[in-house]
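Given next are the chains, with one letter for each unit.
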Amino acid sequence: MGAQTLTIASSSPVAIPSGATNLIVECFGAGGAGGGLNGSADGGGGGGGGAYSKLTIATPTTSYPFVVGAKGTGVAGGTGGAGADTTFGTGPLCRAKGGTGGQTTAGTGGPAGTGGLASGGIGDSGFNGGWGKRGRDSSTGQGGGGASSAGTAAAGNNAGSEGAFATSAYIAPAGGGNGGTGGAAGANGGAAPTFGGGGGGSGDGTNRVGGNGADGKIELTWTDPVPPNGSGTVALTLGATGA
């Protein structure tokens, strides 16, 4: 059998062909937003990245509900929104946790958002999302960089419980999504560019906004019993919410 790849934006629910085998489910949680400042001289913390969970179903059924986690949203002058969990199947059968939002603290750099934990997920295996970076404690505050999501074989890059200050975004391990860049002094935080990444914290100033995190993702692969054009493996990417 050859390989067939199929990518879609959404499905409600997702349909698996009758007789298909070896369904591999890979879930990424959504990233948290960066913290936004309001008048403080210190930068906001970067958002945490989403976790990764993987599940194999030898003999799948033909229909599954799913929810792709929604990104954390940045706010003016406050803690960034948390990224939502990504789930697949009833129960659910597979779950990847979202990252938390970066914070703001008067008189010190804003604490970083935490990565989604594999221990809170569901699946055969999983990895933690990365922690964001702490905002800069300075009279010209800059935001901390956003964390990456976990990769498919490694945890997201981790700077510790709050992280040393750095505006640069985390670059994800293989298979993961990158975080957003921390804002310069007086600027908003950068949004995460790819799935599961955390948003960058804002720089100092009045009602500065932390960068948005990125939505999660689901990837499905299975062996098709009746492959079109001689193809036998189907890969499906879900990027929206299904009921």
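Scroll up for the structure.
About the cut-offs
- Residues numbered from 1 in each chain as written.
- Predicted model: local features only at pLDDT ≥ 70, side-chain atom pairs only at ≥ 80, totals over all residues.
- Heavy atoms only, no water.
- Helix = DSSP H or I, 4+ residues; strand = E, 2+ residues; numbered from the N terminus.
- Buried < 20%, exposed > 50% of the residue type's maximum accessible area, 1.4 Å probe, protein only.
- Contact = heavy atoms within 4.5 Å.
- Areas by Shrake-Rupley, 256 points an atom, 1.4 Å probe, with all protein chains shown as cover.
- Salt bridge = Lys/Arg side-chain N within 4 Å of Asp/Glu carboxyl O.
- Core = buried A, V, L, I, M, F, W, Y, C linked by side-chain atoms within 4.5 Å.
- Pairing = 2+ DSSP bridges.
- Phe/Tyr/Trp six-rings, centres within 6.5 Å; stacked < 30°, edge-to-face > 60°.
- Lys NZ or Arg CZ within 6 Å of the ring centre and 35° of its normal.
- Disulfide = S-S within 2.5 Å.

Visitor: Just checking my understanding: could you explain the overall build of the protein chain for this structure?
Guide: Each helix and strand in the protein chain was counted, giving 0 helices and 11 strands. Secondary structure elements of the protein chain, listed N to C terminal, follow the sequence β-β-β-β-β-β-β-β-β-β-β. When burial is assessed residue by residue, the protein chain has 49% of its 243 residues classed as buried. Considering only contacts in the protein chain between residues 6 or more positions apart, those separated by 24 or more positions represent 67%. Total accessible area on the protein chain stands at roughly 8,900 Å², and carbon and sulfur atoms take up 52% of it.

Visitor: Explanation requested: the pattern of salt bridges in the structure shown.
Guide: Here the idea is simple: oppositely charged side chains can pair when their charged atoms come close. Using the criterion set out here, one finds 2 salt bridges in the structure. Close ionic contact of Asp 85 with Lys 97 constitutes a salt bridge, the shortest N to O distance being 2.9 Å. In this pair, Asp 85 sits in the loop between β6 (66-67) and β7 (86-88) while Lys 97 sits in the loop between β8 (94-96) and β9 (125-127), placing the two residues 12 residues apart along the sequence. The partly exposed category is assigned to Asp 85, whose relative accessible area is 25%. The class for Lys 97 is partly exposed, based on a relative accessible area of 27%.

Visitor: Is there a simple way to think about the environment of Ala 112 in this case?
Guide: Here Ala 112 lies in the loop between β8 and β9. Residue classification places Ala 112 among the buried residues on the basis of a relative accessible area of 5%. Placed 20 residues apart in sequence, Ala 112 and Gly 132 show a C-alpha to C-alpha distance of 4.9 Å.

Visitor: Looking at this structure, I do not really get the nonpolar core. What am I missing?
Guide: One recurring pattern in soluble globular proteins is that nonpolar side chains are buried together. Core analysis: the biggest nonpolar cluster contains 17 residues, and Leu 23, Val 25, Phe 88, Ile 218 and Leu 220 have the highest contact counts within it. In contact with Val 25, other than residues within four places in its own chain, are Ser 53, Lys 54, Leu 55, Ile 57, Phe 88, Cys 94, Ile 218, Glu 219 and Leu 220.

Visitor: Please clarify how the sheet that holds β7 should be interpreted in this entry.
Guide: Within a sheet, neighbouring strands are paired by backbone hydrogen bonds and run either parallel or antiparallel to one another. Taken in spatial order, the 3 strands of this open sheet run β6-β7-β8, and their pairing is antiparallel. The sheet is open, and its two borders are formed by β6 and β8, each paired with just one other strand.

Visitor: Teacher, can you tell me more about the packing of aromatic side chains here?
Guide: Each aromatic ring pair is described using two quantities: the centre-to-centre distance and the angle formed by the ring planes. Under the definition given, this model contains 4 aromatic pairs. Residues Tyr 52 and Phe 127 carry aromatic rings whose centres are separated by 6.4 Å and whose planes lie at 20 degrees to one another, so their mutual orientation is stacked. Remark: Phe 127 occurs in strand β9 and Tyr 52 occurs in strand β4 (residues 52-57); sequence separation between them is 75 residues. Put simply, the rings of Phe 28, Tyr 52, Phe 127 and Phe 195 touch in pairs and so form one group of aromatic residues. Positioned above the aromatic ring of Tyr 170 is the side chain of Lys 133, whose terminal nitrogen or guanidinium carbon lies 4.7 Å from the ring centre. One cation-aromatic arrangement involves Lys 217 over Phe 195; the distance from NZ or CZ to the ring centre is 3.8 Å.

Visitor: Would you take a moment to explain unusual backbone geometry for this structure?
Guide: Both trends apply: most residues other than glycine have a negative phi, and most peptide bonds are in trans. Note the cis peptide between Gly 91 and Pro 92, where omega equals 0 degrees. Inspection of the secondary structure puts Pro 92 in the loop between β7 and β8. At Asn 22, a residue that is not glycine, the phi angle is positive and equals roughly 50 degrees. Considering the arrangement of structural elements, one finds Asn 22 in strand β3 (residues 21-28). The class of Asn 22 is partly exposed, set by a relative accessible area of 41%.

Visitor: Just checking my understanding: could you explain the state of the cysteines for this structure?
Guide: Chemically, a disulfide is nothing more than a covalent bond linking the sulfur atoms of two cysteines. Counting across every chain of the model gives 0 disulfides. No disulfide involves Cys 27; its nearest neighbouring cysteine sulfur is the one of Cys 94, lying 3.6 Å away. Cys 27 sits in the buried class, given a relative accessible area of 0%. Owing to a relative accessible area of 0%, Cys 94 belongs among the buried residues under this scheme.

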